[in-house]
Amino acid sequence: MPFPNSLFFIKIFSYFQDTNFHVDDLAQGHEYKFRVKAVNKYGESDPLEAPQSIIAKDPFDRADKPGTPEITDWDKDHADLKWTPPKDDGSAPIEGYLIEMKAANGDWVPATKVAGDQLTATVDGLKPGQTYQFRVKALNKAGESTPSDPSKTMVAKSRRVPPKI
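Since the structure is predicted, the reported quantities are computational estimates derived from the model, not experimental observations. Per chain, residues are indexed from 1 in the order of the written sequence. Selection of residues for local features in this predicted model requires a pLDDT of at least 70, selection of side-chain atom pairs for listing and counting requires 80 or more, and totals for whole chains, interfaces and linings are taken over all residues. Based on all heavy atoms of the structure, the side-chain values leave hydrogens and waters out of the count.

Caption draft 1: Region of the structure containing the pairing of strand β10 (residues 120-124). Residue exposure (1.4 Å probe, protein chains only): buried if accessible area is under 20% of the type maximum, exposed if over 50%, otherwise partly exposed. Only DSSP runs of H or I covering at least 4 residues are called helices, and only runs of E covering at least 2 are called strands; the numbering of each starts at the N terminus. Burial along β10 is one-sided: A121 and V123 are buried, while T120, T122 and D124, pointing the other way, are not. Only strands that DSSP links by at least two bridges are regarded as paired with each other. Of the pairings in the sheet, the one linking strand β7 (residues 78-82) to β10 comprises five bridges and is antiparallel in character. Across the sheet, residue H78 finds its bridge partner in β10, namely D124.

Caption draft 2: Summary view of the pattern of salt bridges. What counts as a salt bridge is simple: a side-chain nitrogen of Lys or Arg found within 4 Å of a carboxyl oxygen of Asp or Glu. This structure, assessed with the given rule, holds nine salt bridges. In this structure, E100 and K137 form a salt bridge, with 3.3 Å as the shortest nitrogen-oxygen distance. Residue E100 is located in strand β8 (residues 96-103), and its partner K137 is located in strand β11 (residues 131-140); the two are separated by 37 residues in the primary sequence. Of the charged contacts in the structure, one is a salt bridge between K137 and E144, with a shortest N-O distance of 3.1 Å. On the basis of relative accessibility, which here comes to 12%, the residue K137 falls in the buried class. Each of the salt bridges in this network shares a partner with another, and the network as a whole consists of E100, R135, K137 and E144.

Now the structure itself:
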């Protein structure tokens, strides 16, 4: 529950031994400034104001976007991809990668997911003759990164077809 002007008043009564106080229900992304007053039988002290405000947020951020996926192999029904990890993991380990695909004139849809220590993936279920692009998102405790730049386009077709005479 945000307070007016996002300023918190915390009163420490003389019977408390602990000088720590846990504040719940801060709104994510909002800025807060804290003041503390001591209270005893003689009254309240002047407020002690924190030297700087804080922004309520998780201790980690979303990772940077991964490198652009490269199509390393393909056939009429699949594509093999590789990419580079994000430059910054957002202070939380990369837990996985979400690979998305887009058919020509289509929308981005999830294609497959791999573990955080993998930098390659195979996307199965492609339709022969269809044109595709791929992109990758890194996943950590803060959520999905922004997507990588899209791969070059590819046509799902047999790669190793013997010549016909």
